[in-house]
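# Observations on chain architecture
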Amino acid sequence: IYGDGSAGAINITANTTWLGNQVPNDNYQFTDVTIAAGATLTVLSGTVIRCSGTFKNEGTLNVVRGAYPGLITYSADHTAVEFTPPTLGNASSAPGAGQVAAAGTPAFGGQMGIGLGPQRAPLVLQPGIFGGSGGASSPLIAGYGGGSLVVLAQGAITNDGGASIIARALTVANSGGGGGGGGGIVILASKTSIAQSGTIDVAGGNGGN
């Protein structure tokens, strides 16, 4: 599970993105991985980094774009409504959209999503490409859910003091959409040791007004 080390050692010393094909042959099987202080490595939700040696983060590891938000579209007179629910992600239930009504007419807000809870969450060892659920809908925008990241190292894993692993959901503004669901998933698994003195942030996103 720690890979064959065929991608060699990598030392991230400047801001780097792995959102496309920046990793040769999509090979994430490294010997050792180091993210230097002051550098940010940005990866897609669902990324799995395998190290036959060690993994050390002294900077920032940023995980983007988890579960997709919902979408609601309707005609100008609010008579034709189409609702696409948010992607569930690793959650018990996704949020629901609020009612649509004519201007000045009261309407109920949406239903809150439900996370996994402390008993079920530790059972998620292979989260896939999604963490928390996407946000509930609005005609404009809602938030992506928190992302997921897995680091598997045969040697030590270190997230230094002052370093950050961020898998936050997306906050939205200036719309009635719901923020993305929290519960972005970060799994650090080492055969040797884990030293965690930095920040791991998997918070949900704020909704719009």
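Here is a short report on the structure shown in this document. (Residues numbered from 1 in each chain as written. Predicted model: local features only at pLDDT ≥ 70, side-chain atom pairs only at ≥ 80, totals over all residues. Heavy atoms only, no water.)

## With respect to the overall build of the protein chain
Along the protein chain, the regular secondary structure elements total one helix and 16 strands. In the protein chain, buried positions account for 36% of the 209 residues. Considering only residue pairs separated by 6 or more positions, the protein chain has 63% of its internal contacts joining residues 24 or more positions apart. By element, 53% of the accessible surface of the protein chain is carried by carbon and sulfur atoms, the whole surface being about 10,500 Å². If you average the places of the 6 positive and of the 8 negative side-chain charges in the protein chain, the two averages end up 8 Å apart. (Helix = DSSP H or I, 4+ residues; strand = E, 2+ residues; numbered from the N terminus. Buried < 20%, exposed > 50% of the residue type's maximum accessible area, 1.4 Å probe, protein only. Contact = heavy atoms within 4.5 Å. Areas by Shrake-Rupley, 256 points an atom, 1.4 Å probe, with all protein chains shown as cover. Lys, Arg positive; Asp, Glu negative; His and termini not counted. Charge placed at Lys NZ, Arg CZ, Asp CG, Glu CD.)

## Focus: the pattern of salt bridges
Applying the stated rule across the entire model yields two salt bridges. For R168, the salt bridge goes to D201, with nearest N and O atoms at 3.0 Å. Here the residue R168 occupies a position in the loop between β13 (164-166) and β14 (185-190), and D201 occupies one in strand β16 (residues 199-201), the gap between them amounting to 33 residues. Residue R168 is classed as partly exposed on the basis of its relative accessible area, which comes to 36%. (Salt bridge = Lys/Arg side-chain N within 4 Å of Asp/Glu carboxyl O.)

## Describing the nonpolar core
By size, the foremost hydrophobic cluster in this structure holds 22 residues, and its most contacted members are W18, L41, V43, I49, F55, L61 and L149. Put simply, the parts of the chain that give this core at least two residues each are β4 (33-35), β5 (40-44), β6 (47-51), β8 (60-64) and β11 (148-153). In terms of residue count, the dominant contributor to this core is β11 (three residues). Leave out the neighbours within four places in its chain, and I49 touches W18, Y28, F30, V33, F55, L149, V150, V151 and L152. (Core = buried A, V, L, I, M, F, W, Y, C linked by side-chain atoms within 4.5 Å.)

## Observations concerning the sheet that holds strand β12 (residues 157-159)
Judged by pairing direction, the sheet is parallel, and its five strands sit side by side in the order β1-β4-β7-β12-β15 without closing on themselves. The sheet terminates laterally at β1 (10-12) and β15 (194-196), the two strands that pair on one side only. With strand direction ignored, the average angle separating the axes of adjacent strands in the sheet is 5 degrees. Sheet topology note: the β1/β4 ladder contains three bridges and is parallel. If you follow N11 over to β4, its bridge partner there is T34. (Pairing = 2+ DSSP bridges. Axes fitted to C-alpha atoms, helices over the stretch in contact; angles between N-to-C directions.)

## Some thoughts on the sheet that holds β6
Sheet architecture is open: four strands sit in the order β3-β6-β11-β14, paired in parallel fashion. Each of the sheet's edge strands pairs with one partner strand only, and the pair in question is β3 (29-30) and β14. Bridge count for β6 against β11 is five bridges, and the pairing is parallel. Considered in β11, the bridge of R50 is made with L152.

## Section: the side chain of T42
Along the chain, T42 falls in strand β5. Contact partners of T42, with chain neighbours within four places excluded, come to T16, T17, W18, L19, N62 and V64.

## Considerations on the environment of K191
Tracing the chain through its elements places K191 in the loop between β14 and β15. On the basis of relative accessible area, K191 is assigned to the exposed category, the value being 60%. Sequence-distant contacts of K191, defined by excluding residues within four places in its chain, comprise Y2, A153, Q154 and G155.

## Regarding the packing of aromatic side chains
Evaluated as defined, the whole model comprises four aromatic pairs. Ring geometry for W18 and F30: centres 5.8 Å apart, planes at 20 degrees, overall stacked. Of this pair, W18 sits in strand β2 (residues 16-18) while F30 sits in strand β3, and the two are twelve residues apart along the sequence. For the pair W18 and F30, one class covers both residues: buried. Seen in terms of ring centroids, Y68 and Y144 are 5.6 Å apart; in terms of plane orientation they differ by 55 degrees. Their pairing is tilted. Highlighted residues: Y68 in the loop between β8 and β9 (71-74) and Y144 in the loop between α1 (117-120) and β11, separated in sequence by 76 residues. Overall, the relative accessible area of 48% leaves Y68 in the partly exposed class. With a relative accessible area of 28%, Y144 lands in the partly exposed category. What links up through ring pairs into an aromatic cluster is the set W18, Y28 and F30. (Phe/Tyr/Trp six-rings, centres within 6.5 Å; stacked < 30°, edge-to-face > 60°.)

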